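# Analysis of the macromolecular model
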Amino acid sequence: MYETERLLLIEQIKKKGITNQNVLDAMSKVERHLFVPDIMQQHAYEDVALPIGYGQTISQPYTVAFMTQALDPKPGQKILEIGTGSGYQAAILFQLGTKVFTIERNDKLYNSALKIFDKLNLRIAARCSDGSIGWLEFAPYDGIIVTAGSPGVPQNLLKQLAAGGRMIIPVGDRTVQSLKIITKISDDEFDTKEAPYFAFVPLVGREGWKEK
Ligand code: SAM
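Structural notes, computed from the coordinates. (Residues numbered from 1 in each chain as written. Predicted model: local features only at pLDDT ≥ 70, side-chain atom pairs only at ≥ 80, totals over all residues. Heavy atoms only, no water.)

## Considerations on the packing of aromatic side chains
The following threshold applies: In this scheme Phe, Tyr and Trp rings, the latter by its six-membered ring, pair at centre separations within 6.5 Å, and the angle between planes marks the pair as stacked below 30 degrees, edge-to-face above 60, and tilted otherwise. The helix and strand labels rest on DSSP assignments: H or I over at least four residues marks a helix, E over at least two residues marks a strand, and numbering proceeds from the N terminus. Accessibility here uses a 1.4 Å probe with only protein chains present; expressed as a share of the type maximum, an area under 20% marks a residue as buried, one over 50% as exposed, and anything in between as partly exposed. Geometrically, a lysine NZ or arginine CZ counts as sitting over a ring once it is within 6 Å of the ring centre and also within 35 degrees of the ring normal.
Taken as a whole, this structure holds eight aromatic pairs when the rule is applied. Aromatic side chains Phe101 and Phe138 sit 4.8 Å apart centroid to centroid with 35 degrees between the ring planes, which places their arrangement in the tilted category. Note that Phe101 is positioned in strand β4 (residues 99-104) and Phe138 in the loop between β5 (125-128) and β6 (141-146), a separation of 37 residues in sequence. The exposure class of Phe101 is buried, given its relative accessible area of 10%. Note on Phe101 and Tyr141: the rings are 5.8 Å apart at their centroids and 65 degrees apart in plane angle, and the pair reads as edge-to-face. Of this pair, Phe101 sits in strand β4 while Tyr141 is found in strand β6, placing the two residues 40 residues apart along the sequence. By relative accessible area, which is 0% here, Tyr141 ends up buried. A connected cluster of aromatic rings, assembled from ring pairs, spans Phe101, Trp135, Phe138 and Tyr141. Geometry around Tyr88 places Arg32 over its ring, the cationic atom sitting 5.9 Å from the centre. Lys78 extends its terminal NZ or CZ atom over the ring of Tyr141, reaching a point 5.7 Å from the ring centre.

Spelled out as structure tokens, the structure:
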């Protein structure tokens, strides 16, 4: 279903500057309409964020593509995602052949993501907890992708990143953030690049924003 719409979306994303063919292929295979509420399905292939309930969103496809391209994951790598939401970004990472670990703090979203992972046979490890402190049990990770906006870079996540690994995280105020692309060179040396003007819902937790 929606195959034509999905391919048109991929063309749009390409025009906006996404060049990584593996990312484009993964996004042309994963059916975004299965990750949004029924009443939103007809909008699933517009390049916009959509509401998924509880004040949360499934990220804009271009943003998913940009973050995944910046992460540049390789098959077999261990990737930690913070902010499972609909499960779409995790599904893209799984499609790219990585071992995906994902954390969601909202139990309703967590449970519906588990259902879709099960239905689509996506073997993704998920837990419901505060992801701002990471998932120590399976650390270190080759990549960490945070899909909610944080006031700073959580130290626990930096510690759980492998040497040579990369973390993508939106950092800023509650409405606008820059995407930080952080490569861990060694325990105390990091290379950081930044891409401005992204907008994510807040990362709420011990190393994120305090609950209002
Ligand atoms: N990656 C998601 C997708 O593909 O649909 C989009 C995520 S949405 C923009 C951000 C998610 O982060 C929300 O579902 C929110 O509940 C979750 N979140 C916020 N703070 C969190 C935290 N400390 N730990 C885990 N999840 C968190």
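## Notes on the side chain of Thr98
Put simply, the rule is: Pairing of N or O atoms within 3.5 Å defines a polar contact, subject to two protein rules: one partner must be a possible hydrogen donor and the other a possible acceptor, and residues neighboring in sequence count only if both atoms are side-chain atoms. Note on contacts: a residue pair qualifies if any of its non-hydrogen atoms lie within 4.5 Å across the two residues.
Mapping Thr98 onto the fold places it in the loop between α4 (88-95) and β4. Its relative accessible area of 5% is what places Thr98 among the buried residues. Of the polar contacts made by the side chain of Thr98, one reaches the backbone oxygen of Leu93; its length is 2.9 Å. If we ignore the near neighbours within four places in the chain, the residues touching Thr98 are Pro73, Lys74, Gly76, Gln77, Ile79 and Leu93.

## Overview of the layout of surface pockets
Selection rule: Cavities and pockets are found on a 1 Å grid laid over the protein atoms alone: a cavity is a set of points where a 1.4 Å probe fits but cannot escape, a pocket is an open set with protein on both sides within 12 Å along at least five of seven lines, and a lining residue has an atom within 4 Å of such a point. Grid points are joined across faces, edges and corners, and a volume is the space filled by probe spheres set on the points. Polarity classes work like this: nonpolar for Ala, Val, Leu, Ile, Met, Phe, Trp, Tyr, Cys and Pro, charged for Asp, Glu, Lys and Arg, and polar for all others, with Gly in that last group.
Considered as a void within the structure, the largest pocket measures approximately 580 Å³ in volume. Residue lining of the largest pocket: 38 residues in total, with Gln56, Thr57, Thr147, Ala148 and Val201 positioned closest to the centre. Listed by contribution, the elements that provide at least two residues to the lining of the largest pocket are β2 (56-58), α3 (61-71), β3 (78-82), α4, β4 and β9 (189-198). Across the lining of the largest pocket, the residue classes break down as 18 nonpolar, 16 polar and four charged. Each pocket or cavity is described by its volume, and for the second largest pocket that value is around 210 Å³. In this structure, the second largest pocket is lined by 13 residues; those nearest its centre are Phe35, Val36, Ser86, Ser112 and Ala113. Residue contributions to the lining of the second largest pocket peak at five residues, all from helix α5 (residues 107-119).

## Observations concerning the site of the ligand
Put simply, the test is: Being near a molecule or strand, for a residue, means having at least one of its heavy atoms within 4 Å of it. In short, Shrake-Rupley with a 1.4 Å probe defines the accessible areas, and a residue's cover is counted only from the protein chains shown. Criterion for pocket placement: a molecule counts as inside a cavity or pocket if more than half of its atoms are within 2 Å of its grid points.
Surrounding the ligand, one finds 27 residues, the nearest of these being Glu81, Ser86, Glu104, Gly131 and Val204. In this structure, Ser86 approaches the ligand through a side-chain N or O atom, which is 2.6 Å from an oxygen atom. Across the complex, the protein chains shield 99% of the 610 Å² of accessible surface that the ligand would expose by itself. Comparing atom positions with the cavity grids shows the ligand to sit within the largest pocket. Breaking the shell around the ligand down by element, the ones donating at least two residues are β2, β3, α4 and β4. With three residues, the top contributor of residues to the shell around the ligand is β2. Here the shell around the ligand is built from residues that sort into ten nonpolar, 13 polar and four charged.

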